[in-house]
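Given next are the chains, with one letter for each unit.
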Amino acid sequence: STQKMTTAQLVDTQARLNVSLREMITFFEESGVQEHSITLLNGFIDKHLTTDFLSLAEGYGKCMAFIDHDELVLKLLKSSQLLIEGYVIERKIANKRLKLLKEDKKSDPDVILRLENLLIDLDQRKAVATTSAMRLRAMSTISISHFLNPKFDSIAHHKASLEHTRKLLKPKK
């Protein structure tokens, strides 16, 4: 059934997200981040607080100069995209359940209300995660090393990058 497939997809996405978060912990350990900071991140994984994990991990990147920031941004982006993928699947599952309950006249109105609230909550969490992923995607396009040059013009760099992309996408005549 579609329900089983969607549930399997959700389990798979959550497993891939967990692997991605664990890879980030390994990255921090190999970068020399202190053990108590690693313990905090592990605690967030154990409690399924992924957004808190990602926020703290990004914070480490801002205050720990010895970390490879470009690599961290890519790891954060990958995890954010998996988090969003999970929200999309979770929403599909909840929406299907809600549709079935609404078709059944004997359904408990409280259960329907809880599912409607869950959909609103998932939409809000997805919107926050999407905003974060878009910011990370933009950050991933410019290496941190550019910003060490006081003459670097990020706006000019961005405009040149857009122009380059336009030329690549322009149909050949």
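Residues numbered from 1 in each chain as written. Predicted model: local features only at pLDDT ≥ 70, side-chain atom pairs only at ≥ 80, totals over all residues. Heavy atoms only, no water.

1. Quick notes on the packing of aromatic side chains
Think of a pair of aromatic rings as described by two things: how far the centres are apart, and how the planes are tilted against each other in angle.
Thought 1: Counted under the stated rule, the structure contains two aromatic pairs.
Thought 2: With a centroid separation of 5.6 Å and 55 degrees between ring planes, the pair formed by F27 and F28 is classed as tilted. The two residues F27 and F28 agree in class, both being buried.
Thought 3: Taken together, a centroid distance of 5.5 Å and an interplanar angle of 80 degrees make the contact between F28 and Y60 edge-to-face. Here Y60 lies in helix α3 (residues 50–63) and F28 lies in helix α1 (residues 2–31), a separation of 32 residues in the sequence.
Thought 4: With relative accessibility at 0%, the residue F28 sits in the buried group. (Phe/Tyr/Trp six-rings, centres within 6.5 Å; stacked < 30°, edge-to-face > 60°. Buried < 20%, exposed > 50% of the residue type's maximum accessible area, 1.4 Å probe, protein only. Helix = DSSP H or I, 4+ residues; strand = E, 2+ residues; numbered from the N terminus.)

2. Focus on the nonpolar core
Thought 1: M24, F28, F53 and I67 are the most contacted members of the largest nonpolar core, which has 28 residues in total.
Thought 2: Of all the secondary-structure elements, those providing two or more residues to this core are α1, α2 (35–46), α3, α4 (69–103) and α5 (109–140).
Thought 3: A total of eight residues in this core trace back to one element, the largest contributor, which is α4.
Thought 4: Each residue touching F53, except ones within four places of it in the same chain, is listed here: L21, M24, I25, L41, F44 and I45.
Thought 5: Judged by nonpolar contacts, the second largest core, of five residues, contains A94, L98, L115 and L119. (Core = buried A, V, L, I, M, F, W, Y, C linked by side-chain atoms within 4.5 Å. Contact = heavy atoms within 4.5 Å.)

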